[in-house]
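Descriptive structure summary
One-letter residues, chain by chain:
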Amino acid sequence: MALSDSRSVGNKTLSSFTVSQASDFYFRENSAASHFKAPVRKEVSESGSVLRSSAQCHQQLRGRQRLSAAQQQRGSTRTCLPRAPAAPRPAPAHTRLPPRPQRRTRPRGRAPRRRLWAPSGGSAAAVASPPAGSSSGSGALSPFDRRLKRKQKNWAAVQAEPAKCDYLREEVGAAAAGGPGRTFPLALDLGSGRGYIARHLTKETVEKLIQVDIAENALKNAVKSEIPMVSVVADEECLPFKEDTFDLVVSSLSLHWVNDLPRAFREIHQALKPDGVFIGAMFGGDTLYELRCSLQLAELEREGGFSPHVSPFTAVSDLGHLLSRAGFNTLTVDTDEIQVNYPGLFEIMEDLQGMGESNCSWNRKPLLHRETMLAAAAIYQEMYGNSDGSVPATFQIYYMIGWKFHESQARPAQRGSATVSFGDLAKIDGLLSRGKK
C-alpha cells in the first residue's frame, strides 16, 4: 500500500513509497534506533509464507512515532500509517495441556459421614450415650447405631401399654434372677430397662441394686421393688464405676446390641469384686430365623436382592472364649429356645417394636415396599405356619455365668495327681459289687 499524498520530513520529501520503505528510512535516521537489536522472530501465515520479521515490526512502529512527532511540530494534519493485519498464530498440534486437578470437597449442607471405626481410648460417660461409631475403644467394627437404639427404647417405654410386649423379657429376667443361693450386698443390673430382673429379687438375695440403662424413659417407668434401687443413665460399653465395686452383676437381653462385646465383658470384670459373679442372658444366633429367611426370599423375588433386616448375633461357640479372655473363670454357658406363636408376620414386627428390639444396624434398609411385606407374610405362612393359622417365632437365649478369681475358690487338681486311671472305669461295677459283699 502507498501513501496518497506527499509529506515533508526534515530536509527530505516523502512521495508515494511503501510502508516498509518509510519504516526503513526513519529507522536509519534515528541514531539510537540503529543500536536496537530485536530478536529475530518471523510470523508465519496459515499457508506457510513469511509475512514479516520482528525487526520490520519494530521499524514500522518507530516510523509511525516519528512521523506523528514531526507533524505536530509543523502543524500539519496527522496521518497514520495503516497497520498490516496480524495473522493468528496457530497452536502446535503436539501441545497437550495436563488435566486440571479436581479438589474433592464435601457439598454444603450435608452432614459428614459417620465413622464406623472407633478410635482407641476414651473416658467413661455416665450421663448419655457416646457418639455413634466411637463407643468401641479397641478398634472393633461398630455394626449398631447406639443413638438410634436409645431412641427406640425411649419410644417403647412411653407407650400407653408398655407391659403388653414385656412377656419375653419377664420370662428371661425370672430365669436370670435365680442365681447362687447367697446374699450380695451390692448388685448391678446392666441394661435393666423397666426392671425385669429387679421384680424377681428379694432382700435376702440383694441388699442394694443399681440399675443402669441407656434409655432414661425406661428407668423413669421402672417397676418398683422392695429392694433399695438407684438408677443411672449410662452406656453398657462405658461403665462409670470404679474397680472392685459390685458383688453381683446381672444383665438380661441387653448385651446383644453392644458394639464391642469383649470390651463390655472387661468392663464388667473390672467392676466386680474378687469372688464376684456375673450372670447374663442375651439373644443367640438362631433368633428369629423364620423372619430372616422370609424377608430375604421375599425381597430377592420382588426386588432382585436382599439386605439384612435382622441384626447379627453372637455364636455360642464364641461366647465362652470371650468370657475367658475378659478374665472370668469357672464358666457356665447354656442355651435355651423360646417359641412364641403369633397371628402373622405383622404382629411379630409390631411386638418387636414395642419391645424396643427394632433393627438398628448401620447397613439396614430404611424402607420396605408394601409388595415385599405382603410377599414375606405369605412366605412365612407357607413355610413355617401352624395348622391353626398362626406362625411361630423362635428366640434363642444364651445364659452365662462367670466368676472373678479369688483365693477361696475351688481350683482344679494339679496335673498328674490322680490316683485312679480312666482305664479302670470299665471295672467300676465289679469293684462296687465287691464292696457290697
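Here the structure is a predicted model, which means the values were calculated and not measured.

Rules used throughout
Sequence order as written defines residue numbering, which begins from 1 separately in each chain. Local features in a predicted model are, by the rule used here, given only for residues with pLDDT of at least 70; side-chain atom pairs are given and counted only at 80 or more, and totals for whole chains, interfaces and linings are based on all residues. Note: side-chain values were computed over all heavy atoms of the structure, leaving out hydrogens and water. Any Lys or Arg side-chain nitrogen located within 4 Å of an Asp or Glu carboxyl oxygen qualifies as a salt bridge. Helix and strand definitions follow DSSP, with helices as H or I runs of at least four residues and strands as E runs of at least two, each counted in order from the N terminus. Three exposure classes are used, based on accessible area relative to the maximum for each residue type with a 1.4 Å probe and protein chains only: buried under 20%, partly exposed in between, and exposed over 50%. Lines fitted to C-alpha atoms define the axes, with helix axes restricted to the stretch in contact, and inter-axis angles between N-to-C directions lie between 0 and 180 degrees. In this scheme, roughly parallel covers angles under 35 degrees and roughly antiparallel covers those over 145, while 65 to 115 is roughly perpendicular and the rest are oblique. Each crossing gets its handedness from the near helix: less than a right angle anticlockwise from the far helix is left-handed, clockwise is right-handed. Here, residues are in contact when the closest pair of their heavy atoms is within 4.5 Å. Note on residue classes: Ala, Val, Leu, Ile, Met, Phe, Trp, Tyr, Cys and Pro are nonpolar, Asp, Glu, Lys and Arg are charged, and everything else, Gly too, is polar. Between 30 and 60 degrees the pair is tilted, below 30 it is stacked and above 60 it is edge-to-face, where a pair is any two Phe, Tyr or Trp rings, Trp via its six-membered ring, whose centres lie within 6.5 Å. Only protein atoms enter the 1 Å grid used here, on which a cavity is any set of points holding a 1.4 Å probe that cannot leave and a pocket is any open set flanked by protein within 12 Å on both sides along at least five of seven lines; residues with an atom within 4 Å of a point are listed as lining. Grid points are joined across faces, edges and corners, and a volume is the space filled by probe spheres set on the points. What qualifies as a polar contact is a pair of N or O atoms within 3.5 Å, subject to a donor-acceptor requirement within protein and to the restriction that residues adjacent in sequence count only when both atoms come from side chains.

What to know about the pattern of salt bridges
Applying the stated criterion across every chain, the model contains 11 salt bridges. Its salt-bridge partner being Arg199, residue Glu170 comes within 2.9 Å of it at the nearest N-O pair. Here Glu170, found in helix α5 (residues 167–177), pairs with Arg199, found in the loop between β5 (184–190) and β6 (206–213); they are 29 residues apart in sequence, far enough to count as distant. The class for Arg199 is partly exposed, based on a relative accessible area of 28%. Arg182 serves as the salt-bridge partner of Asp275, at 3.4 Å between the closest nitrogen and oxygen. Of this pair, Asp275 sits in strand β9 (residues 272–283) while Arg182 sits in the loop between α5 and β5, and the two are 93 residues apart along the sequence. Accessibility expressed as a relative area gives 19% for Asp275, which makes it buried. Where salt bridges share partners, they join Arg146, Asp235 and Glu236 into one cluster.

Comments concerning the packing of helix α7 (residues 261–271) against helix α9 (residues 316–326)
One way to put it is that α7 packs onto α9 with a least axis distance of 9 Å and a crossing angle of 45°. On the basis of their axis angle, the class for α7 and α9 is oblique. As α7 packs across α9, the resulting crossing turns out to be right-handed. Residues Leu261, Pro262, Phe265, Arg266 and His269 of α7 form the contact with α9, whose participating residues are Leu319, Leu322, Leu323 and Ala326. Classifying every residue of the contact of α7 with α9 gives seven nonpolar, one polar and one charged.

Quick look at the packing of aromatic side chains
Evaluated as defined, the whole model comprises eight aromatic pairs. Taking 6.1 Å as the distance between ring centres and 90° as the angle between the ring planes, the aromatic pair formed by Tyr289 and Tyr384 counts as edge-to-face. Residue Tyr289 is found in helix α8 (residues 289–303), and its partner Tyr384 is found in helix α11 (residues 370–384); the two are separated by 95 residues along the sequence. We classify Tyr289 as partly exposed; its relative accessible area is 33%.

Here's the deal with the layout of surface pockets
In this structure, the largest pocket occupies an estimated 650 Å³ of space. Along the wall of the largest pocket there are 28 residues; nearest its centre are His309, Met349, Glu357, Ser358 and Asn359. Secondary-structure elements contributing two or more residues to the lining of the largest pocket are α4 (146–157), α8 and α10 (345–355). Per-element tally for the lining of the largest pocket: the top contributor is α10, with four residues. Grouping the amino acids of the lining of the largest pocket by side-chain chemistry returns 15 nonpolar, eight polar and five charged.

A word on the side chain of Asn154
Mapped onto the secondary structure, Asn154 falls in helix α4. The class of Asn154 is buried, set by a relative accessible area of 10%. A polar atom in the side chain of Asn154 sits 3.3 Å from the backbone nitrogen of Glu216. With residues near it in sequence (within four places) discarded, Asn154 still touches Ala215, Glu216, Asn217 and Ala218.

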